[in-house]
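# Structural overview for review
Residue-level listing of the chains:
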Amino acid sequence: MLFHLFFHSRRLSRILLASAPFVVMAAAASAQTLTGSVTGQVTDPQGNAIPGALVTMQNTVSGFDHSMKSDATGSFAFSNVPFGSYHMAVAATGFSTDTTDVSLRSAVPVNLKLQLVLSGVATTVNVTAGAEDVVTNTPTAHTDLDSSALKQIPYQNTNAAVSSLITLATPGIAQDSDGLIHAQGEHQDVQFSVDGQPISDQQSRQFSNQIALSSIDSMNVISGVPPAEYGDKASLVVQTTTKSGLGHKLHGDVYGGYGSFGSGTGGGSLGIGSSRYGSFTSLDVVNSGRFLDTPEFSPMHDHGNVENVFERLDWNANPTNMIHLDLSASRSWAQTPNQYDQEALGQDQRNEIKSFNTSVFWTHIFNPASLLSSNIYLRQDQVHYYPSANLFDDQPATLQQARRLTNFGVKEDFTYSKGIQSLKIGANIYQTPLAESFRLGITDPAYNSPCLDASGAPVTDPSDLHCTGAGQTANPAFLPSLLPYDLSRGGKLFNFNGTTDIKQEAVYVEDELHFGGWLLSGGVRADNYNGISSRSMVEPRAGASYRVAKTNTVLRGSYGKFFMTPYNENLILSSSTGAGGLAQNVFGAFGDATLKPGKRNHFSAGFEQAIGPKIAVQGDYFWKFTDRDYDFDVLFNTPLSFPIQWNKSKIDGYAIRANLTPTHGVSAYAVLGHSRSRFFGPEVGGILFNNPNTPLSGAPFRIDHDQAFQQTTHLQYQKSPGHGPMLGLNWTYESGLVAGAVPFSPTADPNSPDFQVNLTGLTPDQQAQINLTCGSQRATIANPLTSCAGNQLSSPLVKIPAPGTENDDKNPPRVQPRNTFDALGGYDNVFHTERYKVNASLSVVNLTNKYALYNFLSTFSGTHFVSPRTFTGQLDFVF
């Protein structure tokens, strides 16, 4: 099957043939585009080798802390080291400790000659970072996260652990349901780079199976303007380095856990290697009764599981050629969570995702200043969505989908780094075949009724299409284009099948110059996109930063032009439905409805400031102006989402991070953000909108990525890393995303007929979800509200604008603010042993059991509640 897939396309055959030398070399490299290596030799004053010297390499901000002993020749080698600034210390008995700082900015190896001075006393390594070590002189804002620091952050343990941790630890990201990321006012505009392999397709629980957290060694999250190497989705770039067995003795772990909602976790890892060979394997399984975020606070019909296996193989063929292979496969299966009314009808919709990835790398070092990195990759997501056995058990519609996304390509990078200059020249040629099958049928006669009765409620008699009954009037919200697919009124299923092939090419050049306190960066990228639509663009990038040594201050600014491509998931169908989606048009009748590549200008300015040797603060302000911006249209509360495109967007905001490096075992950080996300119609694409009032004109409105303020503060304690008691605590505040179809009074005049709000547009279940209240009367499923005076309408979960004040751009309805707390406690090395260790932990998500929403009837997210209080206990055997 893989042979057929690879060679079915003559175009890809030519690419692979041109890359044959790399395939012969086993075709791959040691993550050299994201990591580097530090090698060296430890000697005495006479130049004699010092074997057994303890060499320690540390970044106190990210939590990176590795050490090793020099061999018989005094040599040492740290491989798979993420780019960044590091503090190093070397100690040996009878010699004074030596320290030095190392900056890794490219994949070109750094070689050190460390000479120790005789002291006559025994010494130990004590790595002490100064104020200059807690700030980074770079034009681009970023957050470094090491696996050792991540393990003390409590998070929701389902199929989106990586997204959850990125959201909790990176400034400028608003939380949303099911692992969705709103980065700097955009929806899922995120690119992952796994060991240098570009992945710009969606990686949340709705679209794909994420890489397992157990396979990740470190992450560098770029939240500023990224370099020219990165295109497509670039509001957030997550540079991910996987774990390697290279240079390690046999090690690993086996773990198991159990928690609330019958949630069980289990798995393990195994790594082994030498200076030339390395193997790392991980296996992870999650089974939970609350797998996806739910439209009710108490989960119903929400069982799911995911299995994930990862393998990394390294081979240093010789000092100038390194080969590295990544393999992963995963499967997830989940029920679609029900509302109370759907549960009563027996709705049984389910979702299954199967994913695999293979990526091979080869790095060749020409000389101490230059190298070539090559990468060939293939990955695939297969998604199946199943309806209930009885289609009318599905409410308000029955849905079915089969979708396949395959992505393969070749990426080449040449890097030159010497003196003040670091230069990279690269190309990425890739292809994404798509196949989609989709069925939809309306099953609820009240969902799109042509008529309203005298009370304003939908007429559910399927035979009454002409509003001839007593007191009946035409429904102004009726969508005639959906009538042919209304099964409750004799319609038939909407059926769609389509295939296409997206071909893309990109070339880029980026350069950095370091002199004095300055770092200047510049680059240019050229993209060509040929899919359902076509476009090409040249995109310059530029940035500068300056370090004021006296005050340990870094000032920075950057600019980037970006070529924005449509989301690939469900792109074929969504490019066929036109303005307002299928709900506004008879399928195929709108003319040119394709989603087209867009253009963005991104500006950023910021600073980093050290406060003593332990505290650092960074802050950045950003402006983004996008011509043709993208989002998703979610079908009800299901995982089915369809890309849509708006005419333009204007987004600005700030992102701040404060960090306390370990002090007597205590470390902490706080991340803060604000975004103002203004979008402008008209809209193109999609299927149905949860909010029928979604603006389709050119008027500006606040999209549901818009949030005035969010922050997460994390505090953790462990006196000795890897030993003894540990504690982690999160406090998260979200001021509230923009909500969907919330009823309100458009006038402040109590004598106006519009002052009385018609509430029949919300189902009884939707009213009960938000505890909708009219004066002292609270809506229930059995006793819903039909109307209410505007000044009497309220909800503890949704902000309803005061009568006459609602404005789509200035004062839209929002989810109510929320404070949530998460905690983790445990004990590492319970039995105080050396070789084999047992770690125990207990985590609690939503410690106070806060009753709150992520979103409500959002066109782009649906309705989902924050998780109820959830306990998870875990034991980990480490060897």
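Small disclaimer: the values here were computed from a predicted structure and weren't measured. (Residues numbered from 1 in each chain as written. Predicted model: local features only at pLDDT ≥ 70, side-chain atom pairs only at ≥ 80, totals over all residues. Heavy atoms only, no water.)

A separate point is the overall build of the protein chain. When you go through the protein chain residue by residue, the secondary structure sums to 8 helices and 49 strands. By the compact-globule yardstick of 29 Å for 879 residues, the protein chain fits well, its C-alpha radius of gyration being 28 Å. The C-alpha extent of the protein chain, read off along each of the three principal axes, is 105 × 60 × 50 Å. Buried positions account for 59% of the 879 residues belonging to the protein chain. Pairs at least 24 apart in sequence give 69% of the contacts found in the protein chain among residues at least 6 apart. As presented, the protein chain carries roughly 32100 Å² of accessible surface, and 59% of it is formed by carbon and sulfur atoms. In the protein chain, the 56 positive side-chain charges and the 72 negative ones have mean positions that sit 5 Å from each other. (Helix = DSSP H or I, 4+ residues; strand = E, 2+ residues; numbered from the N terminus. Rg over C-alpha atoms; globule rule 2.2 N^0.38 Å. Buried < 20%, exposed > 50% of the residue type's maximum accessible area, 1.4 Å probe, protein only. Contact = heavy atoms within 4.5 Å. Areas by Shrake-Rupley, 256 points an atom, 1.4 Å probe, with all protein chains shown as cover. Lys, Arg positive; Asp, Glu negative; His and termini not counted. Charge placed at Lys NZ, Arg CZ, Asp CG, Glu CD.)

What follows deals with the packing of aromatic side chains. Applying the stated criterion to the full structure yields 23 aromatic pairs. When the ring of phenylalanine 366 is compared with that of phenylalanine 414, the centres are 6.2 Å apart and the planes differ by 50°; the resulting orientation is tilted. On the criterion of sequence distance, the pair formed by phenylalanine 366 in strand 21 (residues 350-367) and phenylalanine 414 in strand 23 (residues 397-418) is long-range, its members being 48 residues apart. Look at phenylalanine 877 and phenylalanine 879: their rings are 6.1 Å apart centre to centre, the planes differ by 35°, and that puts the pair in the tilted class. (Phe/Tyr/Trp six-rings, centres within 6.5 Å; stacked < 30°, edge-to-face > 60°.)

Sheet architecture is open: 4 strands sit in the order 3-2-5-6, paired in antiparallel fashion. Across the chains shown, the open sheet's two edge strands, defined by having one partner strand only, are strand 3 (64-69) and strand 6 (98-104). Along the sheet, successive strands turn relative to each other by an average axial angle of 20°, direction set aside. Alignment of strand 2 (residues 54-59) against strand 3, held across 6 bridges, turns out to be antiparallel. Note that in strand 3 the partner of glutamine 58 across the bridge is aspartate 65. (Pairing = 2+ DSSP bridges. Axes fitted to C-alpha atoms, helices over the stretch in contact; angles between N-to-C directions.)

Turning next to unusual backbone geometry. Of the consecutive residues glutamine 395 and proline 396, the connecting peptide bond is found in the cis state with omega at 5°. Among the structural elements, proline 396 can be located in the loop between strand 22 (370-386) and strand 23. Glycine 681 connects to proline 682 through a cis peptide bond whose omega is 5°. Looking at the secondary structure, you find proline 682 in strand 34 (residues 666-685). Here the phi dihedral of phenylalanine 636 falls at roughly 55°; this positive angle occurs in a residue that is not glycine. With respect to the secondary-structure elements, phenylalanine 636 resides in the loop between strand 32 (615-634) and strand 33 (641-663).

Okay, the pairing of strand 5 (residues 84-91) next. Within strand 5, 7 of the 8 residues are buried, leaving the element largely enclosed by the surrounding structure. In terms of strand pairing, strand 2 meets strand 5 through 5 bridges, oriented antiparallel. The partner of valine 55 across the bridge, within strand 5, is valine 90. Across 7 bridges, strand 5 lies against strand 6 in antiparallel orientation. Looking at strand 6, one finds that alanine 89 is bridged to threonine 99. Hairpin connection between strand 5 and strand 6: a loop of 6 residues separates the two successive antiparallel strands, and glycine 94 in this loop has a positive phi of roughly 90°.

Ranked by internal contacts, the top residues of the largest apolar core, which has 33 residues, are Leu399, Phe438, Leu440 and Leu635. Sorting the residues of this core by element identifies strand 23, strand 24 (421-442), strand 27 (494-515), strand 30 (553-564), helix 7 (571-574) and strand 32 as the ones contributing at least two each. (Core = buried A, V, L, I, M, F, W, Y, C linked by side-chain atoms within 4.5 Å.)

With that out of the way, let us pick up the state of the cysteines. For the structure shown, the criterion picks out 2 disulfides. Numbered in order of appearance, the disulfide-bonded cysteines of the protein chain are paired 1-2, 3-4. (Disulfide = S-S within 2.5 Å.)

Turning our eyes to something else, we now look at the side chain of asparagine 855. With respect to the helices and strands, the residue asparagine 855 is situated in strand 47 (residues 853-858). Relative accessible area serves as the criterion here: at 1%, asparagine 855 is assigned to the buried category. Side-chain polar atoms of asparagine 855 contact the side chain of aspartate 176, separated by 2.5 Å. From its side chain, asparagine 855 meets the backbone nitrogen of histidine 864 in a polar contact 2.9 Å long. With sequence-adjacent residues up to four places away left out, asparagine 855 is seen in contact with Asp176, Ser177, Val815, Ser861, Gly862, Thr863 and His864. (Polar contact = N/O pair within 3.5 Å; in protein donor to acceptor, adjacent residues only side chain to side chain.)

Considering all chains together, one arrives at 26 salt bridges under this definition. Among the ionic pairs, arginine 489 bridges to aspartate 486, the shortest N-O distance being 3.0 Å. Judged on exposure class, the residue arginine 489 and its partner aspartate 486 are both buried. As a salt-bridge pair, arginine 600 and aspartate 629 come within 3.6 Å of each other at their nearest N and O atoms. Taken as a pair, arginine 600 in strand 31 (residues 598-611) and aspartate 629 in strand 32 lie far apart in primary sequence, 29 residues in all. Overall, the relative accessible area of 2% leaves arginine 600 in the buried class. (Salt bridge = Lys/Arg side-chain N within 4 Å of Asp/Glu carboxyl O.)

Turning our eyes to something else, we now look at the sheet that holds strand 11 (residues 186-187). The sheet built from 3 strands is open, its strands ordered 9-10-11 with antiparallel pairing. Each of the sheet's edge strands pairs with one partner strand only, and the pair in question is strand 9 (173-175) and strand 11. Here strand 10 (residues 181-183) pairs with strand 11 via 2 bridges, running antiparallel. By the bridge assignment, histidine 182 is partnered in strand 11 with histidine 187.

Here we come to a nonpolar patch on the surface. A cluster of nonpolar side chains, contributed by Ile420, Leu513, Phe515, Trp518, Leu520 and Tyr546, occupies part of the molecular surface with about 500 Å² of accessible area. Elements that contribute at least two residues to the nonpolar patch include exactly strand 27 and strand 28 (518-530). Note on placement: isoleucine 420 falls in the loop between strand 23 and strand 24. Given the relative accessible area of 45%, isoleucine 420 is considered partly exposed. (Patch = residues over 30% accessible without salt bridge, like charges linked within 9 Å, V, L, I, M, F, W, Y side chains within 5 Å.)

Next up on the list: the confidence of the model for the protein chain. Looking at the protein chain, the pLDDT average stands at 89 and 92% of residues meet or exceed 70. pLDDT under 50 marks residues 121-125. Its contacts with residues more than four places away, or in other chains, come to 16 contacts. (pLDDT = per-residue confidence, 0-100.)

So, about the environment of threonine 565. Structurally, threonine 565 can be placed in the loop between strand 30 and helix 7. Those residues within four positions of threonine 565 in sequence are excluded, and the remaining contacts are Asp232, Lys233, Gln504, Tyr529 and Tyr630. Within the structure, the side chain of threonine 565 is placed 3.0 Å from the side chain of aspartate 232, a separation counted as a polar contact.

Position of leucine 785 relative to the elements: it lies in the loop between strand 40 (777-778) and strand 41 (787-789). Taking relative accessible area as the criterion, leucine 785 reaches 5% and is therefore assigned buried. For the pair leucine 785 and alanine 768, spaced 17 residues apart in sequence, the C-alpha separation works out to 9.7 Å. Look past the residues within four positions of leucine 785 in its chain and what remains in contact with it is Leu759, Gln767, Leu772, Thr773, Cys774, Gln777 and Ala779.

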